[in-house]
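# Overview (structure and organization)
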Amino acid sequence: MRAELSATERPTGRQALATCNLLLQCVDSSQNSSQNAWAEVGAVDFVAGALRDFPDEDTLEVTCTSAMASLILFNRVNGVRAGKLGALNASLAFYGSHLDNPDIVSSMGYIGTYFDFCMENRLIARELGAIEMFIQNIRNNFHGPYSEWAYELVKQSLYAMSSGTWNNADIAYQQGFIPLAVSLMAEHGSDAKIAEESLQALKAMVYASDFLRSRLSDQGLFEALVGVLRTRATDKAAVSLVCESTMHVIGSTVMLDTSSTPRAIPFNASIQQRAAEVMLEDVLAAAMSEVELEDFEHEGFSLDLDAMYPMRANCYHALRVLAKNNPANRKAMNEAGLSRAIRRAWEGLDSRARDEACQLLMELGKLTEAFRSRCV
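What comes next concerns the included structure. The structure displayed is predicted, hence computed values, not measured ones. (Residues numbered from 1 in each chain as written. Predicted model: local features only at pLDDT ≥ 70, side-chain atom pairs only at ≥ 80, totals over all residues. Heavy atoms only, no water.)

## Description of the overall build of the protein
In terms of regular secondary structure, the protein is built from 24 helices and 2 strands. Against the globule reference of 21 Å for 376 residues, the protein gives a C-alpha radius of gyration of 22 Å, in line with a compact fold. Projected onto its principal axes, the C-alpha coordinates of the protein cover approximately 75 × 45 × 30 Å. Here the protein holds 376 residues, and the buried ones make up 55% of them. In the protein, once contacts between residues fewer than 6 apart in sequence are set aside, the share between residues at least 24 apart is 74%. Per element, the accessible surface of the protein, about 15800 Å² overall, is 49% carbon and sulfur. Between the centroid of the 33 positive side chains of the protein and the centroid of its 47 negative side chains there is a distance of 9 Å. (Helix = DSSP H or I, 4+ residues; strand = E, 2+ residues; numbered from the N terminus. Rg over C-alpha atoms; globule rule 2.2 N^0.38 Å. Buried < 20%, exposed > 50% of the residue type's maximum accessible area, 1.4 Å probe, protein only. Contact = heavy atoms within 4.5 Å. Areas by Shrake-Rupley, 256 points an atom, 1.4 Å probe, with all protein chains shown as cover. Lys, Arg positive; Asp, Glu negative; His and termini not counted. Charge placed at Lys NZ, Arg CZ, Asp CG, Glu CD.)

## Looking at the nonpolar core
The biggest cluster of nonpolar side chains holds 123 residues, and the ones touching the most others in it are Val47, Ile111, Tyr114, Phe134, Phe177, Leu202 and Leu319. When sequence neighbours within four positions are dropped, the list of residues in contact with Tyr114 reads Leu51, Met68, Ile72, Ala82, Ala87, Leu88, Ser91 and Asn121. (Core = buried A, V, L, I, M, F, W, Y, C linked by side-chain atoms within 4.5 Å.)

## Thoughts on the pairing of strand β2 (residues 262-265)
Every second residue of β2 is oriented toward a common face, the buried set being Arg263 and Ile265 and the non-buried set Pro262 and Ala264. When strand β1 (residues 253-256) meets β2, the two strands line up antiparallel, connected through 4 bridges. By the bridge assignment, Thr253 is partnered in β2 with Ile265. Linking two consecutive strands that pair antiparallel, namely β1 and β2, is a turn of 5 residues; a positive phi of about 65° is found at Ser260 within it. (Pairing = 2+ DSSP bridges.)

## Looking at the state of the cysteines
For the structure on display, the rule yields 3 disulfides. Among the cysteines of the protein that take part in disulfides, numbered as they appear in the sequence, the pairing is 1-2, 3-4, 5-6. The structure places no disulfide on Cys26, whose sulfur is separated from the nearest cysteine sulfur, that of Cys20, by 12 Å. Unpaired in terms of disulfides, Cys118 finds its nearest cysteine sulfur in Cys20, a separation of 19 Å. (Disulfide = S-S within 2.5 Å.)

## Examining the pattern of salt bridges
Per the stated rule, a full pass over the model turns up 20 salt bridges. For Asp170, the salt bridge goes to Arg126, with nearest N and O atoms at 2.6 Å. Of this pair, Asp170 sits in helix α12 (residues 169-174) while Arg126 sits in helix α9 (residues 119-127), and the two are 44 residues apart along the sequence. For Asp170, a relative accessible area of 33% translates into the label partly exposed. A relative accessible area of 31% means that Arg126 is categorised as partly exposed. The partner of Arg330 in a salt bridge is Glu363, with the nearest N and O atoms 3.8 Å apart. Here Glu363 lies in helix α23 (residues 351-364) and Arg330 lies in helix α21 (residues 327-335), a separation of 33 residues in the sequence. Classification of Glu363 as partly exposed rests on a relative accessible area of 27%. (Salt bridge = Lys/Arg side-chain N within 4 Å of Asp/Glu carboxyl O.)

## Let's talk about helix α14 (residues 194-208)
Helix length check: α14, at 15 residues, gives a terminal C-alpha distance of 22 Å against a target of 21 Å (1.5 Å per residue), a fit within 8%. By the criterion of burial, α14 is predominantly enclosed, with 14 of the 15 residues buried. (Expected span 1.5 Å × (residues − 1).)

## Side note on the packing of aromatic side chains
Counted according to the given criterion, the structure contains 8 aromatic pairs. Between Trp346 and Phe371, the ring centres sit 4.9 Å apart and the planes meet at 75°, which makes this aromatic pair edge-to-face. One end of the pair, Trp346, is in the loop between α22 (338-345) and α23; the other, Phe371, is in helix α24 (residues 369-372), with 25 residues separating them in the sequence. Comparing Trp346 with Phe371 shows no difference in burial state: the two are buried. We note Arg10 situated over the ring of Phe54; from NZ or CZ to the ring centre the distance is 5.0 Å. (Phe/Tyr/Trp six-rings, centres within 6.5 Å; stacked < 30°, edge-to-face > 60°. Lys NZ or Arg CZ within 6 Å of the ring centre and 35° of its normal.)

## Some thoughts on the packing of helix α16 (residues 221-231) against helix α17 (residues 236-250)
The geometry of α16 relative to α17 is characterised by a closest axis approach of 10 Å and an angle of 155° between their N-to-C directions. Comparing their axes, α17 and α16 come out roughly antiparallel. Judged by the sense of rotation from one axis to the other, the crossing of α16 with α17 is left-handed. Contacts between α16 and α17 involve Leu221, Phe222, Leu225, Val228 and Leu229 on the former and, on the latter, Ala238, Val239, Val242, Ser245, Thr246 and Val249. Its residues placed into classes, the contact of α16 with α17 shows 9 nonpolar, 2 polar and no charged. (Axes fitted to C-alpha atoms, helices over the stretch in contact; angles between N-to-C directions. Parallel < 35°, antiparallel > 145°, perpendicular 65-115°, else oblique. Left-handed = near helix turned anticlockwise from the far one by under 90°. Nonpolar A, V, L, I, M, F, W, Y, C, P; charged D, E, K, R; others polar.)

## What to know about the packing of helix α13 (residues 177-188) against α16
The contact between α13 and α16 brings their axes to 8 Å, and the two run at 30°. In terms of orientation, α13 lies roughly parallel with respect to α16. Between α13 and α16 lies a crossing whose hand is left-handed. Along its contact with α13, which presents Val182, Met185 and Ala186, the element α16 presents Leu221, Ala224, Leu225 and Val228.

## Side note on the environment of Gly79
Within the element layout of this structure, Gly79 appears in helix α6 (residues 76-84). In the structure, Gly79 is positioned 35 residues away from Tyr114 in sequence and 5.5 Å away in space, judged by C-alpha atoms. Beyond its immediate sequence surroundings of up to four residues, Gly79 is in contact with Ile72, Cys118 and Asn121.

Here it is, written out as structure tokens:
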């Protein structure tokens, strides 16, 4: 296949399709080394050329967008190169002109890989109206003109929104994504990935401004999150993101964007009160639960999923911000036996969860002298 990738003559559509199919079999998206090795022999350039050159060949566009996804998933260098070569422009134009075709839209989530760690590509998406397109696809297939509920088609747009909303939170807000995402979780949060991908997108909006944090609280976020905790109790990513969203929407915390730029999130007492009224018991139950957690649809990821979704640490942190300056909430946590549960779980906690547990015990006034040495 190296000859096909390095050929100077333009391939035919059939040749390009065959090569993209071979790349799908050969590139291991869970290994950056595999992605980079194929990029070095021209795979990114070849696929970008195919996407640009054959915009009217549906099977080729879908297959080659999928091949590109395997090359750029969580790979900044390859993703930026794909964007510079016009591959994202081609993919957006193709999917945007086929929103009425469910067979094509069912693979639209591959576009989300262009945005992983790539602000440059998110800005391209901004200029080309991609965020509007993803949200329109959700509306088409969720109480919309094409379907009352088309799970797979909605999920595909959420894949794209989960990374594409970074740097584009203002557009997502203007397009009504907050109430839309809340409704999705309230009605279908029990379905795999719906809450996870919605909350990944909403995280970008929380990072963007304190105003959007307040809008999330006002528009029913916490009520929707309760349903997710109850129906996805074994889903590590969903539970972790519920707790992470809770702690950041309340504050005070420090958030990082996808380039690890920190933003201090101030504490909001009124949001804390709202969250506590709705979901304190459920966050407690999640933090104290001993059920075995599962991963759903994370095949092909090169990232450390335990680091990406530190459920126990996030839920301890969520409880800490719920306890901050709030005697009633602290009393409820102590009466529920939270400190005893932490001590029982201690040996199985990683360093990040232990650090959060120690800070939570201190907030609760339950960090005993006998236990303090473990928190050093």
